[in-house]
Amino acid sequence: SDSQQAQAIALFLERQSDVQYADELLNMLDQHATPIETFVQAVRDVVGQLMGATNADGTRQKHNMLGNDARWLFVGIGCGLPLLTAARYLPTSDIVANTAHRAAYIADLCMTIARENGLKSQQVKFVHRPSHELAVVDPDGEDENNLTGRVDVVVLDYELFDPGFIGKGVLARVNHVKKKLCTTDHMIVPMGAQILCAPCEIRCPRGEGPDGFDWRAGDETRWGAFYETGNFDGSLREPWRCLGSVHEVFEFDFTEPEVKMSGQTDLHFVAKEDGVLNSMVFWYKMSLTDSIQLDHTPMDLQEGHQVQGDYNRHAYQWLAAPLEVSKGDEVHIRASYSRSRIRFEVMSPQVPTKVKGVGCPRWLFLRLWDDQRLEAFRKAIEKALEKIMEAREAIPKLDRPPLRVVHMGAGLGQISMLTARCAREAGISENEIETHGYSVVAIEQMPKVVKLAKRVFRDNNLEGDVFLCSEDVCKLPSQPQRAQLVVCEHFDAGLLGEGILVLLNAARIKMCNAFDHQVIPSRATIWAAAFEFGEHLKDYQGFNLSAFNHYRTGLMADVDTALADGSARQMSNVFEVFKFDFEKNEMPNAHSITFTPLATGKITAIVFWYEMHMDVEGDVILTNWPESIPPADFSMMEKDLHRISPLRQAVCHFQGNYIREVVKDEPVEIDVGYHQAWPQFVWPGTEMVAKESGERIPKPPPMPRHRLHFEKMKTETEKLEQQLQGGLMYDEEMLGDGYAAAERIALEPNGNPNYLIDPNNANFFHMMFFL
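A brief report on the enclosed structure follows. (Residues numbered from 1 in each chain as written. Predicted model: local features only at pLDDT ≥ 70, side-chain atom pairs only at ≥ 80, totals over all residues. Heavy atoms only, no water.)

## Concerning the overall build of the chain
Rules: Segments assigned H or I by DSSP are reported as helices when at least four residues long, segments assigned E as strands when at least two residues long, and all are numbered from the N terminus. We compute the radius of gyration over the C-alpha atoms and compare it with the globule rule, which gives 2.2 Å times the number of residues raised to the power 0.38. Burial status follows relative accessibility: with a 1.4 Å probe on protein chains alone, a residue under 20% of its type maximum counts as buried, one over 50% as exposed, and anything between as partly exposed. We call two residues in contact whenever any of their non-hydrogen atoms come within 4.5 Å of each other. Only the protein chains shown count as covering a residue, and every accessible area follows the Shrake-Rupley method with a 1.4 Å probe. Neither His nor the chain ends contribute to the count of charged residues, in which Lys and Arg are positive and Asp and Glu negative. Charge positions come from single atoms, namely NZ of Lys, CZ of Arg, CG of Asp or CD of Glu.
Each helix and strand in the chain was counted, giving 15 helices and 35 strands. For the chain, whose C-alpha radius of gyration is 29 Å, the value lies close to the compact-globule estimate of 28 Å for 771 residues. Expressed along its principal axes, the backbone C-alpha trace of the chain runs to roughly 100 × 70 × 55 Å. Counting over 771 residues, the chain shows a buried share of 55%. Excluding contacts between residues fewer than 6 apart, the proportion of contacts in the chain whose partners are at least 24 apart in sequence is 79%. Counting every atom, the chain has about 32,700 Å² of accessible surface; 49% of that belongs to carbon and sulfur. When the 77 positive and 109 negative side-chain charges of the chain are each reduced to one mean point, those points stand 2 Å apart.

If you want it as structure tokens, here you go:
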């Protein structure tokens, strides 16, 4: 489509994908992910083939058609390792490296990595333009940013493949390269791939989960314009079951003169067990060379199969409607593919198409299986209600106020329903609910998620116990009926990131008894430790990739994994940062902390996490303390300790001259403070500047040119997002056109070769209309 809305949305999604580019590659480098290692092995294998086998006298035979002077083309550079490997082994070869992106920072970053590893401009020519614009041009012509001759070896980088293999439009790129840029007897990496699939059940618990509630209404959100992606071998996933055998769906052979741009096949599955067939999970086995393969088969379906790294490598498409199957039932499914998408459709038995009504962020479903978090809240709520009910018993029956509990950050209402059930068990009768109304007021600001939560309350016979409000608590008028207990879930890995300080304070003023209410969590402590990240990138397979360290801008880290894979080093013991007493409304002040480094090196980040005392006595603790770091006070281990899942911590990265060189056993001082939603770690003497919002932050340090390009693009992308949201929110006509355009793009994000979009971004942008 060439509509204005479609072009604006596509431009935004491409820029959003480019902004994520460096961060995704950095995560894979830190984890020594299998695709990076495999592509390097493939380049070495091709180099070995070009140089030929070794004779008895030690000399090498050249490839029968090509030699070690073959001309190379890298389409997409990724982390740069395959390119650097080829340049190392073949210093006299002519190599062309195409970034395949528009973003200036990507080209500058790639050239910085090449320069830091000693590559000369005569050895590698960088061509910065989308791959579909590549052509062989006159060497003496005006177009210097292109090829001047056909190439013998083509390497398509891993970044051009999504978990569904063709979702980024790689088929059109392969055909363009083979028709326009290659010699007759060329070699191509990868050589092709097999697509395999299995029928699966991925559903919400129906009474068998940790909370015992029926969540089947959540399965009505399992739809999407495009397939979704994830890692079925990792921790950030829901439970899943394979209901049938694995089938091969398609085979793509890139060694053929031309790759077909569409096709279909029929699959017949026999159910291995009873279940609800609602999705098709698929993945690829990529043949990079004759001897090197990248196999993404889920570990549960292939014994002894190991893939390194926690990255998205599996795709799953929700079927038009869930299908109840019994063991032995046969299901006919038609699989098809087009320019940049694989689809699955149930042909028989026929089932009615499910109407799209509401969406739900997938991370909310992960909470349904977090038994540790649930248990910590349950125990704290039961203890608080026991005190409240004892106090009520001392009041004459006719004078007793009704029980009210405020639940903030309700999401799908899991803790709301848990609280209502605990209230019933504590003695709140059906008669009291009928007389005074609901016992729990749940506050959640995603309006269409509220619609889903109400359906869940109804399915669990709790619609009369819980009232769900989708208003901003700061804008609510003071409530006549005051609560005796407030339960707050507005906390993230760093405790303050979801606005617990502001929102909890507003709720206490407007919704709670002034001097007679309890708070869950009662208290919280932020702990921290100094870390060194990214030192391993200075010598990664013999190359310097430390330029990627400029893109350590994330706010969360998996410390246990980072320490295990060697991408991080702990530089100090754990130290206490802040103590918050939510029960007494006592907040800490900014102050300075002195700690002693455990080793000589660099402090590139402060990692921090929370320890929440859920009850007043401090017996029930909920924390995201890393398992690989011993507690500062071992008395914590003697209490009723619960760790959330998945286990992540918050991180504050330092950049440029804020990275501090330290010497073992020489004390270091740091200033700590916080604003409404985030702690702040600042070295003494740092110059502070004010943002437009009035918030004071450290003055940005000098940055390399590629990082400056990145910051400019990131800012422009954020402004474009605000413009899109503003237009879609306040212009009814634009909302309708924008929804239609977003759906067209999400159905096949890279159907238009002018863009290179991460399908996940397009899928989520479309789902935004249903949240």
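Read on for the rest.
## Remarks on the sheet that holds strand E1 (residues 72-75)
Formally: At least two bridges found by DSSP between two strands is the condition for calling them paired. Geometry is summarised by axes, namely lines fitted to C-alpha atoms with helices restricted to the contacting stretch, and by angles between N-to-C directions that run from 0 to 180 degrees.
Overall, parallel pairing links the five strands, which are arranged E3-E2-E1-E4-E5 in an open sheet. Two strands in the sheet have a free side with no partner beyond their single neighbour: strand E3 (124-127) and strand E5 (182-189). Across the sheet, the mean angle from the axis of one strand to that of its neighbour is 20°, orientation sign disregarded. Each of E1, strand E4 (151-156) and E5 is contacted by helix H5 (residues 170-180), which is oriented at about 145° to E5, the strand it contacts most.

## Section: the pairing of strand E19 (residues 485-488)
Test applied: Consider the strands pointing away from the viewer: the crossover is right-handed when the path from the first strand over the helix to the second runs clockwise.
Neither face of E19 is open: one carries Leu485 and Val487, the other Val486 and Cys488, and all of them are buried. Pairing of strand E16 (residues 405-408) with E19, which is carried by four bridges, proceeds in the parallel orientation. In the sheet register, Met408 faces E19, and the bridge partner there is Cys488. With helix H11 (residues 500-511) bridging E19 and its parallel neighbour strand E20 (residues 518-520), the resulting β-α-β unit is right-handed.

## Things to note about a negative patch on the surface
Put simply, the rule is: Patch membership is restricted to residues that have no salt bridge and whose relative accessible area is over 30%. Joining uses 9 Å for like charges and 5 Å for the nonpolar side chains Val, Leu, Ile, Met, Phe, Trp and Tyr. Counted as salt bridges are all cases of a side-chain nitrogen of Lys or Arg within 4 Å of a carboxyl oxygen of Asp or Glu.
Together, Glu248, Glu251, Asp253 and Glu256 line one region of the surface with negative charge. By the secondary structure assignment, Glu251 is in strand E9 (residues 247-253). For Glu251, a relative accessible area of 57% translates into the label exposed.

## Here's the deal with the sheet that holds strand E10 (residues 263-270)
Taken together, three strands build an open sheet; the order of strands is E10-E14-E15 and the sheet is antiparallel. Here the strands that pair on one side only, and so sit at the sheet edges, are E10 and strand E15 (341-348). Between one strand and the next, the sheet's axes are offset by a mean angle of 25°, whatever the strand orientation. Of the pairings in the sheet, the one linking E10 to strand E14 (residues 330-338) comprises eight bridges and is antiparallel in character. Residue Leu267 lies in a different strand from E14, and its bridge partner there is Ile333.

## What to know about the state of the cysteines
What counts is decided by this rule: The disulfide criterion is simple: two cysteine sulfur atoms within 2.5 Å.
Overall, the coordinates contain zero disulfides when judged by the stated rule. Looking at the unpaired Cys474, the closest cysteine sulfur is the one in Cys488, lying at 11 Å. Judged by its relative accessible area of 34%, Cys474 falls in the partly exposed class.

## Considering the nonpolar core
To keep it simple, the criterion reads: We define the nonpolar core as a collection of buried residues of types Ala, Val, Leu, Ile, Met, Phe, Trp, Tyr and Cys that are connected through side-chain atoms lying within 4.5 Å of one another.
Core analysis: the biggest nonpolar cluster contains 109 residues, and Trp72, Leu156, Phe165, Phe252, Phe254, Phe344 and Phe548 have the highest contact counts within it. Here this core gets eight residues from one element, more than from any other, and that element is helix H2 (residues 34-51). Apart from residues lying up to four places away in sequence, Phe165 is in contact with Val170, Ala193, Ile195, Phe252, Phe254, Tyr284 and Met286.

## Considering the packing of helix H7 (residues 371-393) against helix H8 (residues 414-426)
Quick note on the threshold: What sets the label is the angle itself: under 35 degrees gives roughly parallel, over 145 gives roughly antiparallel, 65 to 115 gives roughly perpendicular, and the rest give oblique. In a left-handed crossing the near helix is turned counterclockwise from the far helix by less than a right angle, and in a right-handed crossing that turn is clockwise. When residues are sorted by character, Ala, Val, Leu, Ile, Met, Phe, Trp, Tyr, Cys and Pro go into the nonpolar class, Asp, Glu, Lys and Arg into the charged class, and all the rest, Gly among them, into the polar class.
Remark: H7 packs on H8, axes separated minimally by 10 Å, with the N-to-C direction vectors making an angle of 40°. As far as their axial angle goes, H8 and H7 are oblique. The two elements H7 and H8 cross, and the hand of that crossing is right-handed. Mapping the contact onto sequence places Leu374, Phe377, Arg378, Ile381, Glu382, Leu385 and Met389 in H7 and Gln414, Ile415, Leu418, Thr419, Cys422, Ala423, Glu425 and Ala426 in H8. Grouping the constituent residues of the contact of H7 with H8 by class yields 10 nonpolar, two polar and three charged.

## Describing the pairing of strand E6 (residues 192-201)
Most of E6 is tucked away, with nine of its 10 residues classed as buried. Relative to E9, E6 runs antiparallel, the two being bridged by six bridges. Bridge pairing links Leu196 to Glu248 in E9. Pairing between E6 and strand E11 (residues 275-287): nine bridges, direction antiparallel. Paired with Gln194 across the two strands is Lys285, which belongs to E11. As judged from the two bridges shared by E6 and strand E8 (residues 241-242), these two strands associate in the antiparallel manner. By the bridge assignment, Glu201 is partnered in E8 with Arg241.

## Observations concerning the side chain of Asp108
Tracing the backbone shows Asp108 in helix H4 (residues 104-116). Assessed through its relative accessible area of 6%, Asp108 is described here as buried. The contacts of Asp108, once residues within four sequence positions are left out, are Arg705, His706 and His709.

## Some remarks on the packing of aromatic side chains
The geometry of an aromatic ring pair comes down to the distance between the two centres and the angle between the two planes. Cut-off, in case you're wondering: For this analysis, a ring pair means two rings from Phe, Tyr or Trp (six-membered ring only for Trp) whose centres lie within 6.5 Å, classed as stacked if their planes differ by under 30 degrees, edge-to-face if by over 60, and tilted for the remaining angles. Two conditions define a charge sitting above a ring: the NZ of Lys or the CZ of Arg must be within 6 Å of the ring centre, and it must be within 35 degrees of the ring normal.
Summed over all chains, the structure comprises 34 aromatic pairs. Ring centres of Tyr158 and Tyr311 lie 6.4 Å apart, and the angle between their planes is 90°; this geometry places the pair in the edge-to-face category. Of the two residues, Tyr158 is situated in the loop between E4 and H5 and Tyr311 in the loop between strand E12 (293-295) and strand E13 (314-325); the sequence distance between them amounts to 153 residues. Tyr311 shares its class with Tyr158; the two are buried. Look at Phe165 and Phe254: their rings are 5.9 Å apart centre to centre, the planes differ by 20°, and that puts the pair in the stacked class. Taken together, the positions of Phe165 in the loop between E4 and H5 and Phe254 in the loop between E9 and E10 put the pair 89 residues apart, joining distant regions of the chain. On the basis of relative accessibility, which here comes to 0%, the residue Phe165 falls in the buried class. An aromatic cluster is present here, built from Phe161, Phe165, Phe250, Phe252, Phe254, Tyr284 and Tyr337 joined pairwise through their rings. A cation sits over an aromatic face here: Arg88 above Phe543, 4.0 Å from the ring centre. The ring of Tyr755 has Arg102 sitting right over it, with the charged end atom 5.8 Å from the ring centre.

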